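# Fold and geometry: a report
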Amino acid sequence: MWKLLTPASPADQENDKVVAPVAQLGPSSRPFAVRLGATATNAQSYGGSLSMSAFRQAGRAVVTVVAVLATLLVFHTPASADAGSGNAIHSGLSSDARPGVAATTYKWFSWGDLQVGDCHQTGGYLRLYSDGRLTFSARTWTDRTFSGDIWHARFQLKDSSGRSLFTTATYDSPVMWPSKPHDWTANGTFEPSVYNGIASVTQWASC
């Protein structure tokens, strides 16, 4: 049978440093056992509270990160101009005349103010030459950006009935920052065989 050992000194007895397991606990030992049980229960409860608190903090962190990412995705999602706003408001036929060089005929199309999201374009001017060359110039700017905006423009050439004849490549502006307008020019090509049939042009833009 195991017995409870008597501490060697009062100080040791006070700290209960020297103990040995007992097979049976008498009535006088029950309060001690109850206290041990209560202490273990409180420790488990405290540990559970810490775990729950850590879990809640982690949950809040995840929600914050998701909200930030969602905001960035919203701001960086490219916007596109609708078809109606992209139609040239003026057009005509003209020619380049230079001394000693035969005049080069071209069709021209122009746009007023266009807006795509926070981006703007004004003074858009497209020249289509009979040999398949094209030149586009415009002034563009943005109201707000976190990483720099770019105006992307492509042109749908149509005949007099509105049927599409050709769609050009996409031409990009310089990287734009708030309140700083950019005047730029892009050069490209199109299928020259459709030149005579071109009657209107729609500018499709995104930013």
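This text goes with the structure placed above it.
Residues numbered from 1 in each chain as written. Predicted model: local features only at pLDDT ≥ 70, side-chain atom pairs only at ≥ 80, totals over all residues. Heavy atoms only, no water.

## Describing the pattern of salt bridges
Counting across every chain of the model gives five salt bridges. With a shortest N-O distance of 3.2 Å, D96 and R127 are connected by a salt bridge. Residue D96 is found in strand β1 (residues 90-98), and its partner R127 is found in strand β4 (residues 119-129); the two are separated by 31 residues along the sequence. For D118, the salt bridge identified is with R144, shortest N-O distance 3.7 Å. With a gap of 26 residues between them, D118 in the loop between β3 (114-116) and β4 and R144 in the loop between β5 (133-142) and β6 (152-158) connect regions that are remote in the sequence. Given a relative accessible area of 27%, D118 falls into the partly exposed group. When its relative accessible area of 45% is taken as the criterion, R144 is described as partly exposed. (Salt bridge = Lys/Arg side-chain N within 4 Å of Asp/Glu carboxyl O. Helix = DSSP H or I, 4+ residues; strand = E, 2+ residues; numbered from the N terminus. Buried < 20%, exposed > 50% of the residue type's maximum accessible area, 1.4 Å probe, protein only.)

## Regarding the nonpolar core
Within the largest apolar cluster, 25 residues are counted, with the highest numbers of intra-cluster contacts made by L128, W151, F155 and V201. At the level of elements, β2 (101-111), β3, β4, β5, β6, β9 (182-189) and β10 (200-206) are the ones that each hand at least two residues to this core. Beyond its immediate chain neighbours, meaning those up to four positions away, L128 contacts Y106, K107, F109, R133, L134, L157, F190, Y195, I198 and V201. (Core = buried A, V, L, I, M, F, W, Y, C linked by side-chain atoms within 4.5 Å. Contact = heavy atoms within 4.5 Å.)

## Some remarks on the state of the cysteines
In protein structure, a disulfide is the covalent linkage between the sulfur atoms of two cysteines. Counting across every chain of the model gives one disulfide. Between the sulfur of C119 and that of C207 lies a disulfide, 1.9 Å long from S to S. Disulfide C119-C207: torsion about the S-S bond near -60°, hence left-handed. Here the residue C119 occupies a position in strand β4, and C207 occupies one in the segment after β10, the gap between them amounting to 88 residues. Among the residues examined, C119 registers a relative accessible area of 2% and is labelled buried. A relative accessible area of 15% means that C207 is categorised as buried. (Disulfide = S-S within 2.5 Å.)

## Quick notes on the environment of L128
By secondary structure assignment, the location of L128 is in strand β4. Residue classification places L128 among the buried residues on the basis of a relative accessible area of 0%. It is 9.6 Å that separates the C-alpha atoms of L128 and G188, two residues lying 60 residues apart in sequence.

## Brief notes about the pairing of strand β7 (residues 164-167)
Examined bridge by bridge, β6 and β7 share three bridges and lie antiparallel to one another. In the strand pairing of β7, L157 is matched with F166. Here β6 hands over to β7 after five residues, with G162 in that stretch at a positive phi of 90°. (Pairing = 2+ DSSP bridges.)

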